[in-house]
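Read off the chains here:
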Amino acid sequence: MADLDEEYINKQLDRIDWWHSIPVTDDIMTDGWIPYSNHKRKDPFIPADLSGKRVLDIGSWDAYYAITAERRGAEEVVALDIDPDHSKGFMVLKDIIDSDIDYRIGDIMEYEFEDTFDVVICFGVLHHVDPSGEFLDKLASLADETLCLETNITPSLFNRSLQYDPRSPRKL
């Protein structure tokens, strides 16, 4: 982490309307619309040790799950979001937390990657896409080992998460 004082960090963070609540330091967290407890419920669905892995976070917004992957030792992390405005928070955080995450703007259905990823994280996106199955096919084609998928599947306040191994397909 960059050697920055707390006042400077808070001033930078206050410039952003955060979606995710992201721990920045032991004492500082972004003031996200989504409470940290919501993220913590999903964290177990992301492999605990990502050492040496390539990870893609789809629908990243301000990159909570991409940052989680980087902190868990991922060798390479790509964050992708369709809306350029969603990247503003991460661009502020990038230097504060000294991140090497590659944040890209684009539509996953149109985006071409040079290679696949060991782990693909797609939380909070599925309910925004066409239910034809093409989206899930695209995700499965990008994930070599693990696809972490979460969406709202009921009108309740609780999200359901699952971990999918594309090498051992099951019906979702």
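What counts, and at which threshold
Residues numbered from 1 in each chain as written. Predicted model: local features only at pLDDT ≥ 70, side-chain atom pairs only at ≥ 80, totals over all residues. Heavy atoms only, no water. Helix = DSSP H or I, 4+ residues; strand = E, 2+ residues; numbered from the N terminus. Buried < 20%, exposed > 50% of the residue type's maximum accessible area, 1.4 Å probe, protein only. Polar contact = N/O pair within 3.5 Å; in protein donor to acceptor, adjacent residues only side chain to side chain. Contact = heavy atoms within 4.5 Å. Patch = residues over 30% accessible without salt bridge, like charges linked within 9 Å, V, L, I, M, F, W, Y side chains within 5 Å. Areas by Shrake-Rupley, 256 points an atom, 1.4 Å probe, with all protein chains shown as cover. Salt bridge = Lys/Arg side-chain N within 4 Å of Asp/Glu carboxyl O. Lys, Arg positive; Asp, Glu negative; His and termini not counted. Charge placed at Lys NZ, Arg CZ, Asp CG, Glu CD. Core = buried A, V, L, I, M, F, W, Y, C linked by side-chain atoms within 4.5 Å. Axes fitted to C-alpha atoms, helices over the stretch in contact; angles between N-to-C directions. Parallel < 35°, antiparallel > 145°, perpendicular 65-115°, else oblique. Left-handed = near helix turned anticlockwise from the far one by under 90°. Nonpolar A, V, L, I, M, F, W, Y, C, P; charged D, E, K, R; others polar. pLDDT = per-residue confidence, 0-100. Pairing = 2+ DSSP bridges. Right-handed = clockwise from strand over helix to strand, strands pointing away.

## With respect to the side chain of H20
Inference 1: Mapping H20 onto the fold places it in the loop between α1 (6–13) and α2 (36–42).
Inference 2: Overall, the relative accessible area of 6% leaves H20 in the buried class.
Inference 3: A distance of 2.5 Å separates the side chain of H20 from the side chain of D62, its partner in a polar contact.
Inference 4: Excluding residues that lie within four positions of it along the chain, H20 makes contacts with T30, G32, I34, H39, S60, W61, D62, A63, Y64 and Y65.

## Points about a negative patch on the surface
Inference 1: Taken together, the side chains of D3, D5, E6, E7, D26 and D27 define an acidic patch exposed on the protein surface.
Inference 2: Along the chain, the position of E6 falls in helix α1.

## Some words on unusual backbone geometry
Inference 1: Phi at W61 takes a positive value of approximately 55°, unusual for a residue other than glycine.
Inference 2: Assignment of secondary structure puts W61 in the loop between β1 (54–58) and α3 (64–71).
Inference 3: One non-glycine residue, D98, lies in the positive phi region at around 55°.
Inference 4: Secondary-structure assignment places D98 in the loop between α4 (88–96) and β3 (102–105).

## Brief notes about the nonpolar core
Inference 1: Judged by nonpolar contacts, the single largest core of 30 residues is most densely connected at L13, V24, V55, I67, L93 and I121.
Inference 2: For this core, the elements supplying multiple residues, two or more each, are α1, α3, β2 (76–81), α4 and β4 (117–123).
Inference 3: With five residues, α3 is the single largest residue contributor to this core.
Inference 4: In contact with L93, not counting residues within four places along its chain, are L13, W18, I22, V24, I67 and D98.
Inference 5: Grouped together as the second largest cluster of nonpolar side chains are 16 residues, F113, F117, V125 and L149 included.

## Brief notes about the packing of α1 against α4
Inference 1: For the pair α1 and α4, the least separation of the axes is 10 Å and the interaxial angle reads 165°. Overall, the two elements α1 and α4 adopt an arrangement that is roughly antiparallel. Judged by the twist between their axes, the crossing of α1 over α4 is right-handed. Where α1 abuts α4, its residues I9, Q12 and L13 lie against V92, L93 and I96.
Inference 2: Each residue belonging to the contact of α1 with α4 can be placed in one class, and the counts come to five nonpolar, one polar and no charged.

## Section: the confidence of the model for the protein chain
Inference 1: Across the protein chain, the average pLDDT comes to 88, with 87% of residues at 70 or higher.
Inference 2: Below a pLDDT of 50 lies the segment residues 156–160, which in the model reaches nine contacts outside its immediate sequence neighbourhood of four places, other chains included.

## Observations concerning the pairing of β3
Inference 1: Sheet topology note: the β2/β3 ladder contains four bridges and is parallel. In the sheet register, A79 faces β3, and the bridge partner there is Y103.
Inference 2: Since β2 and β3 lie parallel, the crossover through α4 that links them has a hand, and here it is right-handed.

## Digging into the pairing of strand β5 (residues 143–151)
Inference 1: Burial of β5 is extensive: seven of the nine residues sit out of reach of the surface.
Inference 2: Sheet analysis places β4 next to β5, joined by six bridges and oriented parallel. Bridge pairing in β5 links F117 to A143.

## Brief notes about the pattern of salt bridges
Inference 1: Throughout the structure, instances matching the rule amount to six salt bridges.
Inference 2: Among the salt bridges present, the one from D43 reaches K40, with a minimum N-O distance of 3.3 Å.
Inference 3: By relative accessible area, D43 is classed as buried at 6%.

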